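# A closer look at the structure
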Amino acid sequence: MTAPSPFPSVSEAAGRVEWRAETAQVDYPEALADMEARAAAIFAGEAKERIWLLQHPPLYTAGTSADPAELIDPRFPVHAAGRGGRYTYHGPGQRIGYLNIDLRDRGRDVRNFVHHLEGWMIAALADLGISARRAEGRIGIWTNDEHGREAKIGALGIRVRRWITLHGFSINVDPDLSHFGGIVPCGISEYPVTSMAALGCKAGMAELDAALRAHFPAFLGHLGRCGTGG
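Quick caveat, the model's predicted, so the values are computed rather than measured.

## What about the overall build of the protein chain?
Within the protein chain, the regular secondary structure consists of four helices and 10 strands. Helices (α) and strands (β) of the protein chain occur, in sequence order from the N terminus, as α-β-α-β-β-β-β-β-α-β-β-β-β-α. Taken over C-alpha atoms, the radius of gyration comes to 17 Å for the protein chain, in line with the 17 Å a tight globule of 230 residues would show. A burial count over the protein chain gives 48% of its 230 residues as buried. In the protein chain, the proportion of contacts linking residues at least 24 apart, taken out of those at least 6 apart, comes to 68%.

Printed below as a string of structure tokens:
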């Protein structure tokens, strides 16, 4: 008789993570404070891990590597984010996913976390008929736009404190793409930005959320356990 595993299955582990999806826009400082508090509570063993899906009012965030020269037109509020990366736009029509995930028992490998976070986004977009990919040497999720040009459809920026993750990703569902013109998005000026809607995809936030949730157990399972090298 096989002894039961001391570890939960991938589906069990995924089921223990709280999912929260907002219907109203959330102000950035409020979201940042909530995310920081949740990370501290997870570290203390007082709260579950969480995936928080939301939208922000129009704004720009500055990561720890932001170059002031890349803030071309500060037409919206600019917030220091505390995450890695450069300038990013957030606004209505863009799905933001903030991840408070505990890596202490999941390999303690930030590069592995980021790699599989990209894979999670790519898998979700594939369910909606969008062929997205990584690009060597460039941060973000890429596809071909309606003119056949390589274009960015998703961004990610992560911070890890005491092995609890903060911040996460954004996927362009149907934002006003002209709003990206106030910055050099993520420091990359050679390539345009696109969205699901610009590519003719009829799916909205609910469909994207469902695709993300469907692929979440696989993403979590790829993170591995400390000492496994997974």
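Let's pick the thread back up.
## Focus on the pattern of salt bridges
Counted according to the given criterion, the structure contains 14 salt bridges. A salt bridge links R104 to D102; its shortest N-O distance comes to 2.8 Å. Residue D102 is classed as buried on the basis of its relative accessible area of 15%. Note that E118 is salt-bridged to R134, the shortest N-O span being 2.9 Å. In this pair, E118 is assigned in helix 3 (residues 110–127) and R134 in strand 7 (residues 133–135), connecting sequence segments 16 residues apart. By relative accessible area, R134 is classed as partly exposed at 35%. Three or more residues are tied together by salt bridges with common partners; here these are R20, E22, D34 and R50.

## Details of the sheet that holds strand 6 (residues 94–100)
Across the sheet, which stays open at both edges, the seven strands sit in the order 1-2-6-10-9-8-7 with mixed pairing between neighbours. The outermost strands of the open sheet, each flanked by one partner alone, are strand 1 (18–21) and strand 7. Across the sheet, the mean angle separating the axes of adjacent strands is 20 degrees when strand polarity is ignored. Where helix 2 (residues 28–43) meets the sheet, it contacts strand 1, strand 2 (50–54), strand 6, strand 9 (150–161) and strand 10 (164–172), and its direction lies at approximately 140 degrees from that of strand 10. Running over the sheet, helix 3 touches strand 1, strand 2, strand 6, strand 7, strand 8 (138–144), strand 9 and strand 10 and is turned about 140 degrees from strand 9.

## A word on unusual backbone geometry
For W163, which is not a glycine, the phi torsion comes out positive at approximately 70 degrees. The residue W163 is located in the loop between strand 9 and strand 10 in this model. Residue class for W163 comes out partly exposed when judged on its relative accessible area of 29%. Its identity is not glycine, yet H167 carries a phi of approximately 65 degrees, on the positive side. By the secondary structure assignment, H167 is in strand 10.

## Some words on empty space enclosed by the protein
Over the atoms rolls a probe the size of a water molecule, and in doing so it shows where empty space is left. According to the stated counting rule, one finds two cavities of 30 Å³ or more in the structure shown. A volume near 90 Å³ is recorded for the largest cavity. Along the wall of the largest cavity there are 15 residues; nearest its centre are K152, A155, S170, N172 and F180. Secondary-structure elements contributing two or more residues to the lining of the largest cavity are strand 5 (87–90), strand 9 and strand 10. The greatest single-element share of the lining of the largest cavity, amounting to four residues, is contributed by strand 9. Split into classes, the residues belonging to the lining of the second largest cavity amount to six nonpolar, no polar and one charged.

What counts, and at which threshold
Residues numbered from 1 in each chain as written. Predicted model: local features only at pLDDT ≥ 70, side-chain atom pairs only at ≥ 80, totals over all residues. Heavy atoms only, no water. Helix = DSSP H or I, 4+ residues; strand = E, 2+ residues; numbered from the N terminus. Rg over C-alpha atoms; globule rule 2.2 N^0.38 Å. Buried < 20%, exposed > 50% of the residue type's maximum accessible area, 1.4 Å probe, protein only. Contact = heavy atoms within 4.5 Å. Salt bridge = Lys/Arg side-chain N within 4 Å of Asp/Glu carboxyl O. Pairing = 2+ DSSP bridges. Axes fitted to C-alpha atoms, helices over the stretch in contact; angles between N-to-C directions. 1 Å grid on protein atoms, 1.4 Å probe; cavity = no way out; pocket = protein on both sides within 12 Å on 5 of 7 lines; lining within 4 Å. Points joined across faces, edges and corners; volume = space filled by probe spheres on them. Nonpolar A, V, L, I, M, F, W, Y, C, P; charged D, E, K, R; others polar.

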